Amino acid sequence: MSLKWLDWAKRIQSLSQSGLTFSKDAFDLERFEELRKISVEIMEEHTGTEMQKIKELFANEKGYQTPKMDVRGAVFQRGKILMVCENSDNNWSLPGGFCDIGLSPGENIAKEIQEESGYVVVPTKVLALLDMNKHPHPPQPFHYYKLFIQCEIVGGAAKTGIETKAVEFFPENGLPELSLNRNIDSQLKLLFEFERNPTKETVFD
């Protein structure tokens, strides 16, 4: 679950961004900008991350702030699930990433899977829509929704991409070291429930 200081920083950031978007008063804009600065300082103090990096990541958006969408693909083959090893942390995740503007969730996950694993897939079912804050991921600067979509392989072959260094299928009882920012053990176990029971209804928070 999110740490309390992170929840506060996110709320301050969200309120300041909304104020900067909708306020017309020069003095109010100045106050909202100060609130945004405070949210960055909280993040810097508690994470040890350089302030400039936090500004670029955490406080550089425009417009009304909403949760970001992270889409992940569940591709099964002979009782095993497709995973990729991330260059960023040398740990494993379901292929996927942020949804791109202009693409539907299905188009996004098909693109991500092909880019990261080499396989050409067809999306078949939405398995779960989860709120990252309700699951024990490491602290994150943004509020994310995670969309898990089952896909079937229709072509291609295992091939690493720019962000991945290995591609492999794993059984439920032999999962590798997970990239916890992207997926956690309980989520993988949930997806295997769909493999065993294809009629299981979509899960959501």
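To be clear, the structure that these remarks concern was listed above.
The shown structure was predicted, so the numbers you read here are calculated from the model rather than taken from an experiment.

**Quick word on the overall build of the chain**
Here is step 1 of the chain: Looking only at helices and strands, the chain features 5 helices and 8 strands.
Here is step 2 of the chain: Counting from the amino terminus, the chain carries its helices and strands in the arrangement α-α-α-β-β-β-β-α-β-β-β-α-β.
Here is step 3 of the chain: Counting over 205 residues, the chain shows a buried share of 39%.
Here is step 4 of the chain: For the chain, the exposed surface amounts to about 11200 Å²; the carbon and sulfur share of it is 54%.

**Topic: the side chain of Ser-179**
Here is step 1 of the chain: Here Ser-179 lies in the loop between strand E7 (164–170) and helix H5 (185–196).
Here is step 2 of the chain: Take Ser-179: its relative accessible area is 0%, and that puts it in the buried class.
Here is step 3 of the chain: Separated by 2.7 Å, the side chains of Ser-179 and Asp-89 make a polar contact.
Here is step 4 of the chain: The residues touching Ser-179, leaving out its near neighbours within four places in the chain, are Glu-86, Asp-89, Asn-91, Trp-92 and Ser-93.

**Digging into the nonpolar core**
Here is step 1 of the chain: Ranked by size, the top nonpolar core spans 18 residues in total, and within it Ile-81, Met-83 and Leu-191 carry the most contacts.
Here is step 2 of the chain: For this core, the elements supplying multiple residues, two or more each, are strand E1 (68–77), strand E2 (80–86), strand E5 (119–131) and H5.
Here is step 3 of the chain: It is H5 that contributes the most residues to this core, 5 residues altogether.
Here is step 4 of the chain: Filtering out sequence-adjacent residues up to four positions away, Ile-81 remains in contact with Ala-74, Val-75, Phe-76, Leu-94, Glu-168, Phe-169, Phe-170, Leu-175, Leu-188, Leu-191 and Phe-192.

**Structural notes on the environment of Leu-130**
Here is step 1 of the chain: Along the chain, Leu-130 falls in strand E5.
Here is step 2 of the chain: Counting along the chain gives 60 residues from Leu-130 to Asp-70, while the straight-line C-alpha distance between them is 9.8 Å.
Here is step 3 of the chain: Not counting chain neighbours up to four residues away, the residues in contact with Leu-130 comprise His-135, Tyr-144, Tyr-145, Lys-146, Phe-148, Gln-187, Val-203 and Asp-205.

**Section: unusual backbone geometry**
Here is step 1 of the chain: A positive phi is found at Arg-78, a non-glycine position, where the angle reads about 50°.
Here is step 2 of the chain: Within the fold, Arg-78 resides in the loop between E1 and E2.
Here is step 3 of the chain: Assessed through its relative accessible area of 77%, Arg-78 is described here as exposed.
Here is step 4 of the chain: Positive phi is not limited to glycine here, since Asn-90 has a value of about 65°.
Here is step 5 of the chain: Here Asn-90 lies in the loop between E2 and strand E3 (92–93).

**Quick word on the packing of aromatic side chains**
Here is step 1 of the chain: The tally for this structure, following the rule as stated, stands at 4 aromatic pairs.
Here is step 2 of the chain: Note on Trp-92 and Phe-170: the rings are 4.9 Å apart at their centroids and 75° apart in plane angle, and the pair reads as edge-to-face. With Trp-92 in strand E3 and Phe-170 in strand E7, the pair connects residues that are 78 residues apart, well separated along the chain.
Here is step 3 of the chain: Note on Tyr-119 and Phe-169: the rings are 5.9 Å apart at their centroids and 65° apart in plane angle, and the pair reads as edge-to-face. Of this pair, Tyr-119 sits in strand E5 while Phe-169 is found in strand E7, placing the two residues 50 residues apart along the sequence. Summarising the burial analysis for this pair, Tyr-119 and Phe-169 share the class buried.
Here is step 4 of the chain: The positively charged end of Lys-200 is found above the aromatic ring belonging to Phe-194, 5.6 Å away from the centroid.

**Things to note about the pairing of E2**
Here is step 1 of the chain: E2 sits mainly inside the fold: 6 of its 7 residues count as buried.
Here is step 2 of the chain: Here E1 hands over to E2 after 2 residues, with Arg-78 in that stretch at a positive phi of 50°.
Here is step 3 of the chain: Note: E2 against E7, 6 bridges, orientation antiparallel. What sits directly across from Leu-82, in E7, is Phe-169.
Here is step 4 of the chain: In the sheet, E2 pairs with E3 via 2 bridges, with the strands oriented antiparallel. In the sheet register, Cys-85 faces E3, and the bridge partner there is Trp-92.

**Here's the deal with a nonpolar patch on the surface**
Here is step 1 of the chain: Nonpolar side chains collect at one region of the surface, where Val-120, Val-122 and Val-154 lie side by side and expose about 220 Å² of accessible area between them.
Here is step 2 of the chain: For Val-122, the position within the fold is in strand E5.
Here is step 3 of the chain: You can call Val-122 partly exposed: its relative accessible area is 40%.

Scoring rules and cut-offs
Residues numbered from 1 in each chain as written. Predicted model: local features only at pLDDT ≥ 70, side-chain atom pairs only at ≥ 80, totals over all residues. Heavy atoms only, no water. Helix = DSSP H or I, 4+ residues; strand = E, 2+ residues; numbered from the N terminus. Buried < 20%, exposed > 50% of the residue type's maximum accessible area, 1.4 Å probe, protein only. Areas by Shrake-Rupley, 256 points an atom, 1.4 Å probe, with all protein chains shown as cover. Polar contact = N/O pair within 3.5 Å; in protein donor to acceptor, adjacent residues only side chain to side chain. Contact = heavy atoms within 4.5 Å. Core = buried A, V, L, I, M, F, W, Y, C linked by side-chain atoms within 4.5 Å. Phe/Tyr/Trp six-rings, centres within 6.5 Å; stacked < 30°, edge-to-face > 60°. Lys NZ or Arg CZ within 6 Å of the ring centre and 35° of its normal. Pairing = 2+ DSSP bridges. Patch = residues over 30% accessible without salt bridge, like charges linked within 9 Å, V, L, I, M, F, W, Y side chains within 5 Å. Salt bridge = Lys/Arg side-chain N within 4 Å of Asp/Glu carboxyl O.

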